Amino acid sequence: MSVAVSINHVSKIYKNGFQALKDIDFQVNQGEFFALLGPNGAGKTTLISAMAGLVKLTSGSIQVQGFDIQNQPFDVRRHLGVVPQEIAFDPFFSVREALRFQSGYFGIAKNDDWIEEILQHLGLLDKIDTNTRHLSGGMKRRLMVAQALVHKPDVIVLDEPTAGVDVDLRQNLWAFMRRLNEQGHTIILTTHYLEEAQNLCTRIAMMKQGQLLALDSTENLLKNNDGIRIMMTFRQPENIENLLQNIQYSQKNEHTYLCHFADYEAFTQLMQNLNQHQVSVENIQTLETDLESVFLKLMQVNE
Ligand SMILES: Nc1ncnc2c1ncn2[C@@H]1O[C@H](COP(=O)(O)OP(=O)(O)OP(=O)(O)O)[C@@H](O)[C@H]1O
Ligand SMILES: [Mg+2]
């Protein structure tokens, strides 16, 4: 598997002495759909800005498609498209002009077909001749996405692209990203909508306070961290703790226990055991494991 982005022992201390990244070290493979998650201030934008060469590293190095950001910044730029978190662009252009200008920056001319295709996918084609000042907030964000794609970069990095955009664009945008991913583009995204990450991404990195807390496939993160969680309410709470001896649980109230099972077999075994001891169960509620609960648990453990 070849590597798209290699982040090697990266640390960043800002001028005011604040350390935003602490020895971050991981790789994203070509063709991956990868999520970078973490609470506000975790260091996601700092890391993405470092990939784009906008933030100078204190130590460590970053390579994109084999090119080093410090020594070969222009090569990196050709292969990388970043959708920044903050919206900013020249207010004097129309949408079309802004995208042509951006293309010119990469030495690309006559790519109107591609520009129109991008706008079509982002639902912005009807605004192609509108001045960028007259776009709504969500439309401005769509233009930011379009700008990052004009040069068909191998690696596409999206820093919270769905903040403040409507359901429609979210769906359009992700469908478009899926398509680009299927065509071989590597996609890295940050989002606070964990459901999006869970649905789209094959691998997830979780950061907090400048550190990497977890890095695994979405499947493993969901599997390893929780197993099956079942909330059980017993009619007679006496003696329950004896029966739950080999099970991980927390007591919610006198009659109710939240139990963690490795798999359904373990749960069935407990049910048989309860049956034998004639303990009746009043209520059973299966709690689905989602990325949000894994995320919250990880963040809590590392408080
Ligand atoms: N130029 C700067 N100078 C000093 N500290 C900074 C600077 N930029 C960011 N920071 C600090 O670095 C930390 C990480 O910020 P960063 O923007 O990377 O977080 P983030 O994970 O992107 O958060 P969010 O989810 O809110 O976008 C924060 O504590 C922030 O205050
Ligand atoms: Mg950010």
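Scroll up for the structure.
Here the residue numbers are simple positions, counted from 1 along each chain's written sequence. As they are written, the chains are lettered A onward and the ligands numbered 1 onward, keeping that order. Two thresholds apply to this predicted model, a pLDDT of at least 70 for residue-level local features and 80 or more for giving and counting side-chain atom pairs, whereas whole-chain, interface and lining totals are computed over all residues.

Visitor: Help me understand the overall build of the chain in this model?
Guide: The helix and strand tally for the chain stands at 11 helices and 14 strands. Projected onto its principal axes, the C-alpha positions of the chain cover 80 × 45 × 40 Å. Neighbour density around each residue's C-beta defines its exposure: 20 or more other C-beta atoms within 10 Å make it buried, 12 or fewer make it exposed, and counts between make it partly exposed, where C-beta atoms are placed from the backbone. Put simply, the chain has 303 residues, and 31% of those count as buried. Long-range contacts, defined here as pairs at least 24 residues apart, represent 69% of the contacts in the chain between residues at least 6 apart. Strands here are runs of E lasting at least two residues and helices are runs of H or I lasting at least four, both read from the DSSP assignment and numbered beginning at the N terminus. Remark: residues whose backbone-derived C-beta atoms lie within 7 Å of one another are considered to be in contact.

Visitor: Just to check I follow, could you spell out the site of ligand 1 for this structure?
Guide: We count a residue as near a molecule or strand when its backbone-placed C-beta atom lies within 6 Å of that partner. Neighbouring ligand 1 are 13 residues, the closest being Y14, N40, K44, T45 and T46. For the shell around ligand 1, the element with the highest residue contribution is helix α1 (residues 44-51), accounting for 3 residues.

Visitor: Before we go on, may I ask you to explain the pairing of strand β6 (residues 80-83) in this structure?
Guide: Moving residue by residue along a regular strand, the side chains alternate between the two faces of the sheet. Residue alternation in β6 divides its side chains into two sets, L80 and V82 and G81 and V83, and both sets are buried. Across 4 bridges, β6 lies against strand β7 (residues 155-159) in parallel orientation. Considered in β7, the bridge of V82 is made with V157. Only strands joined by at least two bridges in the DSSP assignment are considered to pair.

Visitor: Help me understand helix α6 (residues 167-182) in this model?
Guide: Structural remark: α-helix, 3.6 residues per turn; residues separated by three or four positions point the same way. A helix's residues, less one, multiplied by 1.5 Å, set its expected span. Helix length check: α6, at 16 residues, gives a terminal C-alpha distance of 22 Å against a target of 22 Å (1.5 Å per residue), a fit within 8%. Taken residue by residue, α6 has L169, L173 and M177 as its buried positions. Each buried residue of α6 lies within a common arc of 65° when the element is viewed along its axis, so the set occupies one face. Relative to its buried face, α6 has exposed residues pointing more than 90 degrees away, namely V167, D168, Q171, A175, R179 and E182. By definition, the arc is the one covered by directions from the helix axis to the C-beta atoms.

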